[in-house]
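The chain contents come next:
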Amino acid sequence: MSRKGQFQSNLHPPVSYLFSRLRHHSGDSNNYLMPSHRHQSSLEAILDFWEPFSLTPQQAILARRLLDILVEDYGLEREIEKRYKPAKLIYTMLELVLSKDSFLTLFFTFLHEHLTSGPSNITLALSYFEDIGTWEPAARNDVASALEEFAHYMITQFFLPCVFNLHPPPCDAFLTQAL
Amino acid sequence: MKTPQPTPTSSLSTIQASTPTSTKRRISALRHDCLVRDHHRCVVTRKFDITEARKRIAIDKNCTDDDGRPLKTEQRGNFQYLEIAHILPHCLTKVASGDEDLVGIIPATSSISLTGHETESKKNILRILDIFDPGITHFIDGANIDSPSNALTLTLDNHRLLGEFKIYFEPTGGAYEYRIHSTDDDFLSDPFFPVTRTLMLSPNRTIDPPSPRLLGIHRAICLILKLSGAAEYIEHVLRDSELVTVEADGSTHVGDIIRLRIDGWISAF
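Thresholds applied
- Residues numbered from 1 in each chain as written.
- Chains lettered and ligands numbered in written order.
- Predicted model: local features only at pLDDT ≥ 70, side-chain atom pairs only at ≥ 80, totals over all residues.
- Heavy atoms only, no water.
- Helix = DSSP H or I, 4+ residues; strand = E, 2+ residues; numbered from the N terminus.
- Buried < 20%, exposed > 50% of the residue type's maximum accessible area, 1.4 Å probe, protein only.
- Areas by Shrake-Rupley, 256 points an atom, 1.4 Å probe, with all protein chains shown as cover.
- Salt bridge = Lys/Arg side-chain N within 4 Å of Asp/Glu carboxyl O.
- Pairing = 2+ DSSP bridges.
- Core = buried A, V, L, I, M, F, W, Y, C linked by side-chain atoms within 4.5 Å.
- Phe/Tyr/Trp six-rings, centres within 6.5 Å; stacked < 30°, edge-to-face > 60°.
- Lys NZ or Arg CZ within 6 Å of the ring centre and 35° of its normal.
- Axes fitted to C-alpha atoms, helices over the stretch in contact; angles between N-to-C directions.
- Parallel < 35°, antiparallel > 145°, perpendicular 65-115°, else oblique.
- Contact = heavy atoms within 4.5 Å.
- Nonpolar A, V, L, I, M, F, W, Y, C, P; charged D, E, K, R; others polar.
- pLDDT = per-residue confidence, 0-100.

(A) Expanded view of the overall build of chain B. Counting its regular elements, chain B contains 10 helices and 7 strands. The 269 residues of chain B split such that 55% are buried. On chain B, roughly 11400 Å² of surface is accessible, and the fraction owed to carbon and sulfur atoms is 54%.

Spelled out as structure tokens, the structure:
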């Protein structure tokens with residue numbers, strides 16, 4: 001089996017780790033992630049990642065083409081057991097976020113980390129997926145699992161906390177009703 | 001997150017009790033500014049604030065609304081309790097370890113010190129927010145989160161719908177004009193939606209209008225949740241999380257609830 005078939009299903013590279021990698025690459029002399037501006041604020045010490053990243057035009061085109069292939073391969077409307085559509089979530093997110101380069105970078109480095117368990121950056125990740133059309137079915141299934149993992153990570157790390165804060169714990173709900 | 005309200009009759013008075021004075025003062029100023037800017041009317045329904053109406057009637061039976069129309073000509077159903085809703089949830093922007101505001105606003109956060117997981121989780125939120133709109137975290141940094149540009153005057157129902165990402169504002173291209181949509185469908189679909197509204201401006205425009213950028217992020221989240229089916233999944237998780245004993249309920253969402261617990265979004269079961 002090729003290395004592209006060796007899926008490390010137990011790996012969960014945290015998004016923060018990937019962001020950290022993006023940040024480090026922004027200072028690399030071989031940098032392909034170019035911070036467009038920099039601000040000072042009280043959050044900066046924490047959000048030192050926050051400069052938007054730009055892919056080269058070639059990388060952006062390739063990343064978009066690969067994402068389309070991955071989404072089509074997986075099935076845009078395919079629903080998993082949890083009753084949501086991972087590919088639709090990813091595709092809609094790409095359509096609606098303004099920093100598409102950052103999203104594509106995060107997406108591909110996340111998948112690459114999951115599939116190889118090694119260090120990643122957008123160049124390595126795009127190179128890794130470039131010939132995905134020739135991959136054997138088992139390897140493509142591994143990619144599908146990684147894609148689901150990414151969608152689930154977005155839900156648990158962003159969307160779920162966004163909505164959750166409407167719902168106080170039961171004891172607080174009881175107390176507020178009682179008053 | 002549902003924005004805490006400063007009025008004594010607020011159903012969130014338990015939260016106020018633990019809210020630091022600085023936050024209370026900010027929220028109180030925010031409520032005042034938004035009510036003035038929005039002419040004491042719900043941005044969605046145009047219903048008038050019943051508390052303000054009572055105050056005005058007590059002074060003058062022939063009182064008028066902010067635009068000079070006699071209040072007594074309004075139908076009774078057009079008076080409602082109004083609240084101030086944050087467009088982007090207040091607590092999501094509070095990430096610093098030991099942030100007293102965070103502790104005050106989220107009762108579940110029972111300790112001043114956030115754990116590494118909690119802080120990391122909240123940082124992830126901001127990182128992802130910045131992908132939605134680069135630089136937005138600076139726009140809502142610090143006290144800016146309680147700026148009128150991140151708030152709307154709404155009825156209780158619409159405050160809940162906004163916070164649950166079940167209604168969203170789509171710009172029409174007209175100045176301050178939005179088409180407000182609901183994501184509910186089937187028999188839950190409210191025929192009131194979609195509705196087009198032009199946002200009110202404050203006298204002399206001294207109070208910022210709701211930010212189109214923040215409304216844009218809110219809209220994007222609504223659409224992603226709706227189109228992917230994640231909204232239903234999240235509802236299931238939330239329903240499960242409301243069960244105090246989850247270990248025996250056969251839930252398939254326990255892992256995500258535990259994740260929320262580790263990340264500090266909910267307290268111990």
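And the narrative resumes.
(B) Expanded view of the pattern of salt bridges. All names here are of chain B. Taken as a whole and assessed by the stated rule, the structure comprises 21 salt bridges over all chains. The closest approach of N and O atoms between Glu-52 and Arg-56, which form a salt bridge, is 2.8 Å. Residue Glu-52 and its partner Arg-56 are both found in helix H3 (residues 50–59); the two are separated by 4 residues, about one turn of the helix. The buried category is assigned to Glu-52, whose relative accessible area is 13%. One network of salt bridges, with partners in common, ties together Arg-41, Asp-65, Asp-67, Arg-69 and Glu-74.

(C) Main features of the pairing of strand E5 (residues 167–171) of chain B. All names here are of chain B. In this sheet, strand E6 (residues 177–182) lies alongside E5 in antiparallel orientation, the contact comprising 5 bridges. Residue pairing in the sheet places Glu-170 in a bridge with Arg-179 of E6. Connecting the antiparallel pair E5 and E6 is a turn made up of 5 residues, with Gly-173 showing a positive phi of about 105 degrees.

(D) Inspection of the environment of Leu-160 of chain A at higher detail. All names here are of chain A. Its location among the elements puts Leu-160 in helix H6 (residues 137–164). Take Leu-160: its relative accessible area is 0%, and that puts it in the buried class. Considered as a pair, Leu-160 and Tyr-128 are 32 residues apart in the sequence and their alpha carbons are 31 Å apart.

(E) Main features of the nonpolar core. Grouped together as the largest cluster of nonpolar side chains are 91 residues, with contacts concentrated most on Met-93, Phe-108, Phe-129 and Phe-159 of chain A together with Phe-132 of chain B. Broken down by element, the residue count for this core peaks at 16 residues, all from H6 of chain A.

(F) Representation of unusual backbone geometry in the model. All names here are of chain B. In this chain, Phe-193 is followed by Pro-194 through a cis amide linkage whose omega measures -5 degrees. Inspection of the secondary structure assignment puts Pro-194 in the loop between E6 and strand E7 (195–198). At His-40, a residue that is not glycine, the phi angle is positive and equals roughly 60 degrees. Relative to the helices and strands, His-40 is located in the loop between helix H2 (21–37) and strand E1 (48–49). At Phe-165, a position not held by glycine, the phi torsion is positive, near 60 degrees. Following the sequence through the fold, Phe-165 ends up in the loop between helix H7 (156–163) and E5.

(G) Representation of the packing of aromatic side chains. Residue and element names in this part refer to chain A. Scanning all chains against the criterion turns up 15 aromatic pairs over all chains. Both rings, one in Phe-158 and one in Phe-159, keep their centres 5.0 Å apart while their planes meet at 80 degrees; by these two values the pair is edge-to-face. Note on Phe-159: relative accessible area 0%, which makes it buried. A network of ring pairs unites the aromatic residues Phe-103, Phe-107, Phe-108, Phe-110, Tyr-128, Phe-129, Trp-135, Phe-150 and Tyr-153 as a single cluster. Taking the ring centre of Tyr-74 as reference, the NZ or CZ of Arg-78 above it sits at 4.1 Å.

(H) Structural detail: the packing of helix H2 (residues 57–74) of chain A against H6 of chain A. Residue and element names in this part refer to chain A. Their axes nearest at 10 Å, the elements H2 and H6 cross at an angle of 100 degrees. It follows that H2 is roughly perpendicular to H6 by the angle criterion. Contact residues: H2 offers Leu-70, Asp-73 and Tyr-74, while H6 offers Arg-140, Val-143, Ala-144, Leu-147 and Glu-148. When its residues are assigned to classes, the contact of H2 with H6 shows 5 nonpolar, no polar and 3 charged.

(I) Local environment of the sheet that holds E6 of chain B. Residue and element names in this part refer to chain B. Taken in spatial order, the 3 strands of this open sheet run E5-E6-E7, and their pairing is antiparallel. The open sheet is flanked by E5 and E7, the only strands paired with a single partner. Strand-to-strand, the axes of this sheet are offset by a mean angle of 30 degrees, without reference to chain direction. In the packing of helix H8 (residues 212–228) onto the sheet, contacts are made with E5 and E6, and the angle to E5 comes to roughly 125 degrees.

(J) Representation of the confidence of the model for chain B. Residues and elements named next belong to chain B. Considering every residue of chain B, the mean pLDDT works out to 80; 71% of them sit at 70 or more. Contacts from residues 7–18, a stretch scored under 50 in pLDDT, to residues over four places away or in other chains number 22 contacts. In this model residues 244–249 is a low-confidence stretch, pLDDT under 50, and it forms 7 contacts with partners more than four residues away in sequence or in other chains.

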